[in-house]
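Secondary and tertiary structure notes
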Amino acid sequence: MFSKFLPDEQIDQIFDLKPETLKKKGIKGIITDLDNTLVAWDVKDATPDVVSWFKTMEENDIKVTIISNNNQERVTVFSEPLGTPFVFSARKPLSRAFKTVARQMELKKEEILVVGDQLLTDVLGGNIAGFYTVLVVPVVQTDGKITKINRLIERKILKRMQNKSDSN
């Protein structure tokens, strides 16, 4: 049961995803979370580094779509200047939005990577939908109200998983 919470890979930051490495793995598309994955949850616009990362992915024919549980205004204000497709109010970890984005990208599941900072939404949702998942260290250590609750649950899951592996 706990395996659905485990990412296939962990990285420090979104910028660790390099086009060359992705192409070697057969990855042609990225579904990325927004808050605390690309920028801090309370930062309105993309940083120059994030803008550059999106541009690099585009130049290397890697499709990127932002999928967020946040509201329309938040996700639109961030995504539109980047010219990237997006889904707001995605209801992660439900798999519907992930599958919809995969169809829009016109890519196979094996060609898409899901990246985010939360086990309960990004990793679980990506795993349930059948994608390769990557957990990124949150951009900042503060969170919005709902995410604080998720982090508490995540810590409990990780502790139980650790206890289970220690007893094996």
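Residues numbered from 1 in each chain as written. Predicted model: local features only at pLDDT ≥ 70, side-chain atom pairs only at ≥ 80, totals over all residues. Heavy atoms only, no water.

Moving on, we get to the environment of F15. Here F15 lies in the loop between β1 (9-11) and α1 (19-24). Distance in space between the C-alpha atoms of F15 and V136 is 10.0 Å, their sequence separation being 121 residues. (Helix = DSSP H or I, 4+ residues; strand = E, 2+ residues; numbered from the N terminus.)

Another aspect to go through is the side chain of R74. You can see R74 is positioned in helix α3 (residues 72-79). For R74, a relative accessible area of 12% puts it in the buried group. A distance of 2.7 Å separates the side chain of R74 from the backbone oxygen of V43, its partner in a polar contact. Those residues in contact with R74 that sit more than four places away from it in its chain are L34, D35, V39, A40, W41, V43 and K44. (Buried < 20%, exposed > 50% of the residue type's maximum accessible area, 1.4 Å probe, protein only. Polar contact = N/O pair within 3.5 Å; in protein donor to acceptor, adjacent residues only side chain to side chain. Contact = heavy atoms within 4.5 Å.)

Before going further, it helps to spend a moment on the pattern of salt bridges. Inspection of the entire model under this criterion finds six salt bridges. A salt bridge links K92 to D33; its shortest N-O distance comes to 2.8 Å. In this pair, K92 sits in the loop between β4 (86-87) and α4 (96-105) while D33 sits in the loop between β2 (29-32) and α2 (48-59), placing the two residues 59 residues apart along the sequence. Take K92: its relative accessible area is 7%, and that puts it in the buried class. (Salt bridge = Lys/Arg side-chain N within 4 Å of Asp/Glu carboxyl O.)

Here we have six strands laid out as an open sheet, ordered β1-β6-β5-β2-β3-β4, and parallel in their pairing. The two strands at the open ends of the sheet, each matched to only one other strand, are β1 and β4. Direction of pairing for strand β5 (residues 112-116) relative to strand β6 (residues 132-136): parallel, over a ladder of four bridges. Across the sheet, G116 pairs through a bridge with L135, a residue of β6. Helix α5 (residues 119-129) contacts β5 and β6 of the sheet and is inclined by roughly 165° relative to β6. (Pairing = 2+ DSSP bridges. Axes fitted to C-alpha atoms, helices over the stretch in contact; angles between N-to-C directions.)

What follows deals with unusual backbone geometry. The linkage connecting K92 with the following residue, P93, adopts the cis geometry, with an omega of 20°. Relative to the assigned elements, P93 resides in the loop between β4 and α4. Even without a glycine there, the phi angle at N36 is positive, about 70°. The topology assignment puts N36 in the loop between β2 and α2. Positive phi outside glycine occurs at E106, with the angle close to 60°. Counting through the fold element by element, E106 comes out in the loop between α4 and β5.

This brings us to the nonpolar core. Counting residues in hydrophobic clusters, the biggest one holds 23 residues, and the most contacted among them are L17, I30, W53 and V115. Contributing elements (two or more residues each) for this core: α2, β3 (63-67), α3, β5 and β6. Per element, the largest residue contribution to this core is four residues, and it comes from α2. Among all residues touching V115, those that are not within four sequence positions of it are I11, I14, L17, I30, I31, T32, D33, T37, V134 and V136. The next biggest cluster of nonpolar side chains, apart from the first, holds 14 residues, and it includes V87, M105, I112 and A129. (Core = buried A, V, L, I, M, F, W, Y, C linked by side-chain atoms within 4.5 Å.)

On the secondary structure map, T65 appears in strand β3. The class for T65 is buried, based on a relative accessible area of 5%. Sequence-distant contacts of T65, defined by excluding residues within four places in its chain, comprise I30, I31, T32, T84, P85, F86, V101 and M105.

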